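Structural features, examined
Next come the chains, spelled out residue by residue.
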Amino acid sequence: VVAVAEPIMERRNKIKKMHNIPDDMCFESWEDIFEKEKFADVVIIATMDKDHFAPSMAAIEKGYNIMLEKPMAPNPEECILIEKAAKEKGVFVLVCFVLRYSSFFTGLKKLIKSGISVISMHTNIDIAVSGVNDCLCRALEFDNFEKPYN
């Protein structure tokens, strides 16, 4: 992680500290990030669902590959425009699905909490396995929570 755009200062500072991000790479808005020349290979867009379209289009215009939380956009028209722009610019848009609250992962978490031995396998080659492992880690991380993102 080389930069962060987060309007809430406490969250921005937490990410900054966690990843040793310099001050000049910490931004209050996604718009500020895209004023800079391209400086990374991939951008993660995790805005509110209704706000995915504009930062996606800005990222595509700059030539970033995108990891985008689902849904791509709140309506089919914007999804089609994102897809078309990505194809024209030659970038990838990967849509991520949060699974940590699905019955599979909550059940697995209960098994682990009960003391059963589990081997977690992780590979960078298989994105599905990598994502599953990440979801499991996040599910285990939130033991006593009211909101998953503090």
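Note that the structure is predicted; figures quoted are calculated from it, not measured. (Residues numbered from 1 in each chain as written. Predicted model: local features only at pLDDT ≥ 70, side-chain atom pairs only at ≥ 80, totals over all residues. Heavy atoms only, no water.)

Below, the discussion takes up the nonpolar core. What tends to happen in soluble globular proteins is that the nonpolar side chains get buried as a cluster. With 23 residues, the main nonpolar core has Phe 34, Val 43, Ile 45, Ala 59, Ile 60, Tyr 64 and Ile 66 as its most contacted residues. Leaving out residues up to four positions away in the same chain, Ile 66 has contacts with Val 43, Ile 45, Ser 56, Ala 59, Ile 60, Phe 92, Val 93 and Leu 94. (Core = buried A, V, L, I, M, F, W, Y, C linked by side-chain atoms within 4.5 Å. Buried < 20%, exposed > 50% of the residue type's maximum accessible area, 1.4 Å probe, protein only. Contact = heavy atoms within 4.5 Å.)

As a further point, take the packing of helix H3 (residues 53-62) against helix H4 (residues 76-89). Interaxial distance between H3 and H4 falls to 9 Å at its minimum, and their mutual angle equals 10 degrees. Between H3 and H4, the angle is such that the two are roughly parallel. In this structure, H3 uses Phe 53, Ser 56, Met 57, Ile 60 and Glu 61 to contact H4, whose residues at the interface are Glu 78, Leu 81, Ile 82, Ala 85, Ala 86 and Lys 89. Considering only residue class, the contact of H3 with H4 consists of seven nonpolar, one polar and three charged. (Axes fitted to C-alpha atoms, helices over the stretch in contact; angles between N-to-C directions. Helix = DSSP H or I, 4+ residues; strand = E, 2+ residues; numbered from the N terminus. Parallel < 35°, antiparallel > 145°, perpendicular 65-115°, else oblique. Nonpolar A, V, L, I, M, F, W, Y, C, P; charged D, E, K, R; others polar.)

Bridge analysis of strand S4 (residues 65-69) against strand S5 (residues 93-96) gives four bridges, and the strand direction is parallel. In the sheet register, Met 67 faces S5, and the bridge partner there is Leu 94. On the question of chirality, the crossover connecting S4 to the parallel S5 by way of H4 is right-handed. (Pairing = 2+ DSSP bridges. Right-handed = clockwise from strand over helix to strand, strands pointing away.)

Once that is clear, we can look at the packing of aromatic side chains. Taken as a whole, this structure holds three aromatic pairs when the rule is applied. Their ring planes at 80 degrees and their centres at 6.3 Å tell us that Phe 39 and Tyr 64 sit as a pair that is edge-to-face. Here the residue Phe 39 occupies a position in the loop between helix H2 (30-33) and strand S3 (42-45), and Tyr 64 occupies one in the loop between H3 and S4, the gap between them amounting to 25 residues. By relative accessible area, Phe 39 is classed as partly exposed at 29%. A residue is classified by how much of its surface remains accessible, and Tyr 64, at 2% relative accessible area, is buried. Three or more aromatic residues link up through ring pairs in this structure, and these residues are Trp 30, Phe 34, Phe 39 and Tyr 64. Seen from the ring of Tyr 64, Lys 38 lies directly overhead, with NZ or CZ sitting 5.7 Å from the centre. (Phe/Tyr/Trp six-rings, centres within 6.5 Å; stacked < 30°, edge-to-face > 60°. Lys NZ or Arg CZ within 6 Å of the ring centre and 35° of its normal.)

On the surface, a cluster of nonpolar side chains totalling about 340 Å² of accessible area is made up of Val 42, Ile 44, Met 67 and Leu 94. Residue placement: Val 42 occurs in strand S3. Classification of Val 42 as partly exposed rests on a relative accessible area of 48%. (Patch = residues over 30% accessible without salt bridge, like charges linked within 9 Å, V, L, I, M, F, W, Y side chains within 5 Å. Areas by Shrake-Rupley, 256 points an atom, 1.4 Å probe, with all protein chains shown as cover. Salt bridge = Lys/Arg side-chain N within 4 Å of Asp/Glu carboxyl O.)

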